Amino acid sequence: MLADNSTTQKQIVTPALLLKAHRLMYTARSMADTYEANRSVCKYVHSTSSGHEAIQIATGLLLEPCDWVSPYYRDDSLLLSIGFTPYELMLQLLAKKNDLFSGGRSYYCHPSSRDPLKPSIIHQSSATGMQVIPATGIAQGIQFLGATAIGEIKETHDHQLPVVVCSLGDGSVTEGEVSEAWQFAALKQLPIIYLVQDNGWSISATANEIRAMDAYEYAGGFKGLERLRCDGTDFCDSYLAIRKAIQYTREEGKPIVVHAKVALLGHHTSGVRKEFYRNSEDLLQHKSIDPIVSLKNHLQQAGLLGEAEKEEESIRIGIQNDFLRAQNAAEPDTSSVQDHVFAPTPVKQERGERSPKQGEKLMMVDAALHAIEEIMEDYPEAILYGQDVGARLGGVFREAVTLGEKFGPLRVFNTAIQEALIVGSTAGLSALGIKPIVEIQFADYLFPAFNQLVTELAKSCYLSNGKFPVQMLLRVPIGAYGGGGPYHSGSIETTLLSIKGIKVVYPSNAADIKGLIKAAFLDPNPVIMLEHKGLYWSKVPGTEDAKTIEPDREYIIPLGKANRVLAADKAKIGAGETVCIVTYGMGVYWAKAAAAKFAGQLEILDLRTLFPLDEEAVFNAAKEHGKMLILSEEQQNNSFAEALAYRVSYACFPFLDGPVEVMGSLNLPAVPINIALEAAMLPNPDKLVERIRKLLAY
Ligand SMILES: Cc1ncc(C[n+]2csc(CCOP(=O)(O)OP(=O)(O)O)c2C)c(N)n1
């Protein structure tokens, strides 16, 4: 229950606090006025907190350095109140080299910070409401660290655990992902405060037009999520409300929604001007609840107005000077544009034993299971979650069976059907040093998580200038076999590979999956393991070789190294009678079956990792054989396979005897369930033989 705070307002909101709030509020307002007066200089789009200052300043002043905050694009007063200077914020406004947050890569008020003297801030996207899931992941991490004491966690001055504040506009609350996060926070009782700043507008859409209820009413549907309302234009009311919320969350470790009614005094953004869509009546109404006027009333009542106003001139001059200084600051060095796409991985070399002498053969699904088990034994910060992976079932493919019982429900647990949350929460966990391994049940169901992948995870390292790479290992069963049907058989690698900032791995046998899972886990970036369901148990005829001797515990394969599965005869290579098939996953087995018809004439290169790609191995093979076929299970048009064929043609043109061939599935929207229809869609060894013959004729 929310504490009924009996301490009086006067004891809490001291004269010093009122004066500090005024200093910050006046600073924020002067900054906004300066930007507005210098529109041609402030050419990059930006929003300011005018009208929202009171609630933001109250929040910032109540946080401690151990806490975490996920602000949104209108939160510049919040940033000032946790200690960032106007000059520092202006460096981002003008996209300068020394912008602390992104080095000139992201918009004003898109912070990220690991400054130990301030609350920490993970990367923020501009997508409305999308930071709610990553922020909830931080709270998940705080709860985990608090319960297990496996990692270091900073505490408050009086040794309490940190809290998370996730701030968002009222319009953002209608985003579906917000409900995933609130459901999860309520279910797990996470230490997070969702601060909703309600100015009644969502660009030009009014509250009545776009929602049936406000955030406070909406929160009422989430059992276990506390809520309170406050007047976000009144500093005293805001301070008391946020203080109460923080106290509740800190002491009880539970989530709460704070609904703060605010005014929108400035423009939506520098580009979307208020005069375009707001009438004078509305503008006047908002002006009548200006937080500065309200604060000045409090100051007057306390006999402090004169003292406060005396500071205004010097604040204004300070802002002018800062603005000039920021304009003169250095621009980013364009040679840095490719820095920090990924954090460097420690895994550079293959090591350990791939086929130990006493080793036993095992299926791919078990090799993956053993890899995860060994990881979880060695790394107490590794946790595993997803749908049905908990102790009761251990995954729909039993790919996690035994792990739930062995490592317990704190480390291995079921989630609801919330793909966005499963993937997006890793951004928060990873910021705390926890190493999440997550699962999506079928590749066809990764799409609800794409937004988090693209919007938050993939861009986090780059846009935080290297401060927040997201360590995530995501396992995704994929591929068609045996009539799995349209929503359990799809191939999605091209869609994934269009995202820059993630790595994609696609092993074809037990030894590879074990070695690659280890490397993916140690990689500090988001890595997706695509695992072909038809290879898990070698049930598909011709895939027996997916079973291998189990590599030892140390075995690890760096990402980005292809494997030559079959070599061609030297003499036949010399005579120009060979073809290299470049493939991965099930394609390796189609190619092996086809090879029986071309003794010594085929090389098969298994890519194993699709990004980063072993271009060197592919190009060398193209040069050596002069004939190459890229084979994949995915629908062919505009696929990764076609893009790779272009790259080979471009890089190796003088060495080629003919065009680089591509073979994929038929270009259909889905894999049909009927087995004969499924087979008609997919490549197979017979279709492949025909294409190899065509290539050999060049
Ligand atoms: C996912 C997404 N859709 C659309 C937009 C464009 N957009 C930017 S701000 C905004 C309105 C947000 O309103 P609200 O959350 O109430 O915040 P306010 O700007 O009023 O403070 C929209 C639609 C966006 N940034 N992200």
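Computed from a predicted structure; not experimentally measured.

Within the structure, the ligand sits among 13 residues, and A127, G169, G171, S172 and S202 are positioned closest to it. Residue composition of the shell around the ligand, grouped by class: three nonpolar, eight polar and two charged.

Let's shift gears to the pairing of strand β7 (residues 256-261). Where burial is concerned, most of β7 is hidden: six out of the six residues are buried. Side chains of β7 alternate between two faces, with I256, V258 and A260 and V257, H259 and K261 buried alike. By the bridge criterion, six bridges tie strand β3 (residues 192-198) to β7 in an arrangement that is parallel. Opposite L195, over in β7, you have V258 as the bridge partner.

A common measure of how large an interface is: the accessible area buried when the components associate. Splitting the chain by domain gives domain 1 (9-329), domain 2 (361-549) and domain 3 (563-696). For domain 1 and domain 3, the distance between their C-alpha centroids amounts to 54 Å.

On to unusual backbone geometry, then. P612 follows F611 through a cis peptide bond whose omega is 0°. The phi dihedral of T402 falls on the positive side, at around 85°, and the residue is not glycine. Turning to its location among the elements, T402 is positioned in the loop between β9 (382-386) and α16 (403-407). For T402, a count of 15 C-beta atoms within 10 Å gives the class partly exposed.

A few words on the pairing of β3. Counting buried positions along β3 gives seven out of seven residues, so the element sits mostly inside the fold. Of the two faces of β3, the one lined by I192, Y194, V196 and D198 and the one lined by I193, L195 and Q197 are each fully buried. The pairing of strand β2 (residues 164-169) with β3 spans six bridges and is classified as parallel. From the neighbouring strand, L168 faces β3, where its bridge partner is V196. In this view, the connection linking β2 to its parallel neighbour β3 by way of helix α7 (residues 176-188) has right-handed handedness.

This part takes up the sheet that holds β2. Read from one edge to the other, the open sheet built from five strands follows the order β1-β2-β3-β7-β6, with strand pairing classed as parallel. Each edge of the open sheet is held by one strand with a lone partner, namely β1 (68-70) and β6 (226-231). Neighbour-to-neighbour, the strand axes of the sheet open up by a mean angle of 20°, direction not taken into account. By the bridge criterion, three bridges tie β1 to β2 in an arrangement that is parallel. Paired with S70 across the bridge in β2 is C166.

An order of β10-β9-β11-β12-β14-β13-β19 is seen for the seven strands of this open sheet, with the pairing classed as mixed. Taken across any chain shown, the strands that pair with only one partner, and hence form the sheet edges, are β10 (412-414) and β19 (609-611). The mean angle between the axes of side-by-side strands here comes to 20°, regardless of whether they run parallel or antiparallel. In this structure, β9 lies alongside strand β11 (residues 435-439), joined through five bridges in parallel fashion. Directly across from A382, in β11, lies its bridge partner K435. Strand contacts of helix α17 (residues 419-431): β9, β11 and β12 (472-478), with the helix running at about 175° to β11, the strand carrying the most contacts.

Quick notes on the rules
Residues numbered from 1 in each chain as written. Predicted model: local features only at pLDDT ≥ 70, side-chain atom pairs only at ≥ 80, totals over all residues. Near = placed C-beta within 6 Å. Nonpolar A, V, L, I, M, F, W, Y, C, P; charged D, E, K, R; others polar. Buried ≥ 20, exposed ≤ 12 C-beta atoms within 10 Å, placed from the backbone. Helix = DSSP H or I, 4+ residues; strand = E, 2+ residues; numbered from the N terminus. Pairing = 2+ DSSP bridges. Domains from an automatic or database assignment. Right-handed = clockwise from strand over helix to strand, strands pointing away. Axes fitted to C-alpha atoms, helices over the stretch in contact; angles between N-to-C directions. Contact = placed C-beta atoms within 7 Å.

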